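A closer look at the structure
Each chain is listed here by its residues.
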Amino acid sequence: MSISTKPYKDSDLGKKDQVANMFDAISSKYDNLNRVISFGVDVKWRKKMLKMVSATHPKNILDIATGTGDLAILMANTSAEKIIGLDISAGMLEVGKQKINAKNLNQKIEMVLGDSEKIPYNDDFFDAVTVAFGIRNFENLEIGLSEILRVLKPNGIFVILETSVPEKFIFRQGYKFYTKYILPIIGKLFSKDKVAYQYLSDSASIFPYGEKLNNILLKVGFISVKHLPQTFGVATIYSASKN
């Protein structure tokens, strides 16, 4: 399953390369912009992911689409001995490495340039896999999820944080207005790449969420699939496991 929206509609590059270029371009402003866009609530959502993963007492964790490493750094508060942050954007990873160095977490967290659809690790390798606001950027969703299933250990935990659309009418209308009109303006104020945050808005609006994403996870082969809407449904946390 391919999510058709791409950042640069007039480019001949595939979605994967376009996404990498886009995040390279906005990497220096990404963290500050994220806090503004979500009013800082994304920090609370990530802490819920931390609690879910920590409860499984993982030894090693893979954070896919790690970006500047916010979630990977947060996962250092688990029992994990090793955390891998994987991303296709060298620019985002470089910002993340600076943050990891500043926190003296170099021995625990490793930032790796790599493709979520070709994860460079063996089968049944990780106790936990996380991805925050990244799966909608996969070029092929089912291939990416199948790779995650492959590297996850049996009985391991997979946790996703992703945008979603509120179900209640009043919140849905407010969400649509914000993402269509306000979000692109904020993006332009923070970044010279004017299309980047229009893409993030567009991709969020068409991405399958709730039961639709649950069904895709089940189809790929995950078990114990659950979803927990956050903050009126503007984001959703998903958890799944593996036989």
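Below you will find a few notes about this structure. Within any chain, residue numbers begin from 1 and follow the written order of that chain's sequence. In keeping with the model being predicted, local features are shown solely for residues with a pLDDT of at least 70 and side-chain atom pairs are shown and tallied solely at 80 or more, while totals for entire chains, interfaces and linings include all residues. Neither water nor hydrogens contribute to the side-chain values; these are computed over all heavy atoms in the structure.

A separate point is the sheet that holds strand E7 (residues 235-241). If you walk across this open sheet you meet the 7 strands as E3-E2-E1-E4-E5-E7-E6, and the pairing is mixed. Pairing within the sheet leaves two strands with one partner each, and these edge strands are strand E3 (109-113) and strand E6 (223-230). Across the sheet, the mean angle from the axis of one strand to that of its neighbour is 15 degrees, orientation sign disregarded. Of the pairings in the sheet, the one linking strand E1 (residues 60-64) to strand E2 (residues 82-87) comprises 5 bridges and is parallel in character. Residue pairing across strands places Ile64 opposite Leu86, the latter belonging to E2. Only heavy atoms enter the contact rule, under which two residues are in contact if any of them lie within 4.5 Å. Axis geometry follows a simple rule: fit a line to the C-alpha atoms, using only the stretch in contact for helices, then measure angles between N-to-C directions, giving values from 0 to 180 degrees. Going along the chain from the N terminus, every DSSP run of H or I of four or more residues is numbered as a helix, and every run of E of two or more is numbered as a strand. Along the sheet, helix H3 (residues 41-54) makes contact with E1, strand E4 (126-132), strand E5 (152-163), E6 and E7, crossing E5 at roughly 170 degrees. Strands in contact with helix H5 (residues 90-102) are E2 and E3; relative to E3, the strand with the most contacts, it is inclined by about 170 degrees. Two strands qualify as a pair provided DSSP detects at least 2 bridges between them.

A word on helix H2 (residues 30-37). Note on exposure labels: buried denotes an accessible area under 20% of the residue type's maximum, exposed denotes more than 50%, and partly exposed covers the range between, all computed with a 1.4 Å probe on protein chains only. Taken residue by residue, H2 has Tyr30, Asp31, Leu33, Asn34 and Ile37 as its buried positions. Down the axis of H2, the buried set is contained in an arc of 165 degrees. They therefore lie on one face. Phe39 sits one or two residues past H2 and shows a positive phi near 55 degrees. This arc corresponds to the set of directions leading from the helix axis out to the C-beta atoms.

Here we take up empty space enclosed by the protein. Rolled over the atoms, a probe with the dimensions of a water molecule shows which regions are left empty. Of the two site types, the cavity is a set of points on a 1 Å grid over the protein atoms alone where a 1.4 Å probe fits but cannot get out, and the pocket is an open set with protein on both sides within 12 Å along at least five of seven lines, each lined by residues with an atom within 4 Å of a point. Grid points are joined across faces, edges and corners, and a volume is the space filled by probe spheres set on the points. As enumerated under the stated definition, the model contains 1 cavity of 30 Å³ or more in all. The space that makes up the largest cavity amounts to roughly 370 Å³. If you trace the largest cavity, you find 30 residues lining it, with Ala65, Thr66, Gly67, Asp87 and Gly134 closest to the centre. Sorting the residues of the lining of the largest cavity by element identifies helix H1 (15-26), H2, E1, helix H4 (70-74) and E2 as the ones contributing at least two each. Residue polarity is assigned by list, with Asp, Glu, Lys and Arg as charged and Ala, Val, Leu, Ile, Met, Phe, Trp, Tyr, Cys and Pro as nonpolar; anything else, Gly included, falls into the polar class. Here the residues of the lining of the largest cavity sort into 12 nonpolar, 9 polar and 9 charged.

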